[in-house]
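In case you want the letters, here they are:
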Amino acid sequence: MPSTALRPEIQRFTDELIDKMLAGPKPVDLVTALSLPLPSLMICALLGVPYDDHDFFQENASFATRSDKTAEDDRRANEALGGYLAALLQAKMENPGDDVLSDFAARIKDGDLTLPEATLLSMILLIAGHETSANMITLGTALLLENPEQPARLREIDDTKAVAGAVEEILRYLTVAQFGQRRIAKEDFEFEGVRIEAGDGIVVPLPAGNWDPTAFPEPEKLDLDRKASHHHAFGWGIHQCLGQQLARIELQVVCGTLYRRIPTLRLAVDREELAFRPADSLAFGIMELPVTW
Ligand code: HEM
């Protein structure tokens, strides 16, 4: 299914979550009200994982990107998630649906995949499918609410393409995959006067590339009209992010909806009170974002 076909469903989930926010008491933590449930609902629908189990898998998935974990936390979370997904795959071998896990289950039956391989693939997709997108929605909202002229600009834009352009700039500016991607050189080469030999390890820092003034003049300036689609927030090359189109549409729908539906949305605490994830977390993020309107 092309990612654009998911837009109506993403819009429906976003509207329902905002309806719920508006109907409840204020202030609201945007992470629990919107940033986490929206990508979780979408990845569950795509994979065929019951969303009712979200407390269980969100808690265990969070260890993948947390820096304050022990090796024991990691082992326990991996085992719990692995066991859960292996059982789901086995169930789908008996009763398939129209989802990715059922497709994996059919491939296990055909001998193309083993159960441990399919379990690992499902785990990567489930974790990657909601953690980074949730961080981007939260941080992107905090960034825009700190610069009130920016949500106003988004409300003015009545053009999906322009909202999509704004999202590329927010992705560039924040680059939540904050540490470098690791690669191994396949051949000898020289880069900016540095000799790299085949077999050398290379760390490619995505934030540095996305704030390179030769590629993005005045990179520290958030400019929603900037042409920023050549950023590397989703990595580069054959291992670049598999879910980038889904993530883009989720962000486009949130940016095109949230400020229109709640024009007076604002932070409910001072910026200094926001609790950021530990600086060495794999994905940069905010733990809670209290907002009001
Ligand atoms: C805003 C949200 C997201 C950001 C910023 C992000 C960022 C990234 C980055 C930087 C990489 C590494 C690329 C590289 O090494 O060159 C990556 C890989 C990956 N992402 Fe995402 N991602 C996001 C959302 C998602 C979603 C929604 C999914 C799943 C549906 C997903 C699935 C994956 C997978 C499976 C890989 C590994 C690809 C491979 O190694 O071949 N990501 N992502």
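Quick note: structure is the one above.
Structure report, in brief. Quick caveat: nothing in here was measured; it's all calculated off a predicted structure.

Some thoughts on the site of the ligand
Here's step 1: Neighbouring residues of the ligand: 23 residues in total, closest Gln181, Arg183, Trp236, His239 and Cys241.
Here's step 2: Contacts to the ligand include Gln181, whose side-chain N or O atom sits 3.0 Å from an oxygen atom.
Here's step 3: Within the side chain of Arg183, an N or O atom sits 2.7 Å from an oxygen atom of the ligand.
Here's step 4: When contributions to the shell around the ligand are tallied by element, the ones reaching two or more residues are α7 (115-146), β2 (181-184) and α11 (244-261).
Here's step 5: Looking at the shell around the ligand residue by residue, the class counts come to 14 nonpolar, 8 polar and 1 charged.

Comments concerning the sheet that holds strand β1 (residues 28-29)
Here's step 1: Within the open sheet, the 3 strands sit side by side as β1-β7-β6. Their pairing is antiparallel. Sheet topology places β1 and β6 (266-267) at the edges, where each strand pairs with a single neighbour.
Here's step 2: Inspection of the sheet shows β1 paired to strand β7 (residues 290-292) by 2 bridges, in the antiparallel sense. The residue of β7 that forms the bridge with Asp29 is Pro290.

Description of the packing of helix α4 (residues 54-62) against helix α5 (residues 71-94)
Here's step 1: As a packed pair, α4 and α5 sit with axes 9 Å apart at the nearest point and diverge in direction by 140 degrees. Comparing the axis directions of α4 and α5 gives the class oblique. Along this stretch, α4 crosses α5, giving a crossing that reads as left-handed. Residue-level inspection shows Phe56, Phe57, Asn60 and Ala61 of α4 in contact with α5, the latter providing Ala77, Ala80, Leu81 and Tyr84.
Here's step 2: Its residues assigned to classes, the contact of α4 with α5 shows 7 nonpolar, 1 polar and no charged.

Observations concerning the pattern of salt bridges
Here's step 1: Per the stated rule, a full pass over the model turns up 18 salt bridges.
Here's step 2: A salt bridge links Arg12 to Glu16; its shortest N-O distance comes to 3.2 Å. You can see Arg12 and its partner Glu16 sitting in helix α1 (residues 7-23), 4 residues apart, about one turn around the helix.
Here's step 3: Relative accessible area serves as the criterion here: at 40%, Glu16 is assigned to the partly exposed category.
Here's step 4: Arg76 serves as the salt-bridge partner of Asp73, at 3.8 Å between the closest nitrogen and oxygen. With Asp73 and Arg76 both in helix α5 and 3 residues apart, the pair spans about one turn of that helix.
Here's step 5: Owing to a relative accessible area of 17%, Asp73 belongs among the buried residues under this scheme.
Here's step 6: When salt bridges that share partners are traced, they join Glu72, Asp73, Arg75, Arg76 and Glu79 into one network.

About the thresholds
- Residues numbered from 1 in each chain as written.
- Predicted model: local features only at pLDDT ≥ 70, side-chain atom pairs only at ≥ 80, totals over all residues.
- Heavy atoms only, no water.
- Near = heavy atom within 4 Å.
- Polar contact = N/O pair within 3.5 Å; in protein donor to acceptor, adjacent residues only side chain to side chain.
- Helix = DSSP H or I, 4+ residues; strand = E, 2+ residues; numbered from the N terminus.
- Nonpolar A, V, L, I, M, F, W, Y, C, P; charged D, E, K, R; others polar.
- Pairing = 2+ DSSP bridges.
- Axes fitted to C-alpha atoms, helices over the stretch in contact; angles between N-to-C directions.
- Parallel < 35°, antiparallel > 145°, perpendicular 65-115°, else oblique.
- Left-handed = near helix turned anticlockwise from the far one by under 90°.
- Contact = heavy atoms within 4.5 Å.
- Salt bridge = Lys/Arg side-chain N within 4 Å of Asp/Glu carboxyl O.
- Buried < 20%, exposed > 50% of the residue type's maximum accessible area, 1.4 Å probe, protein only.

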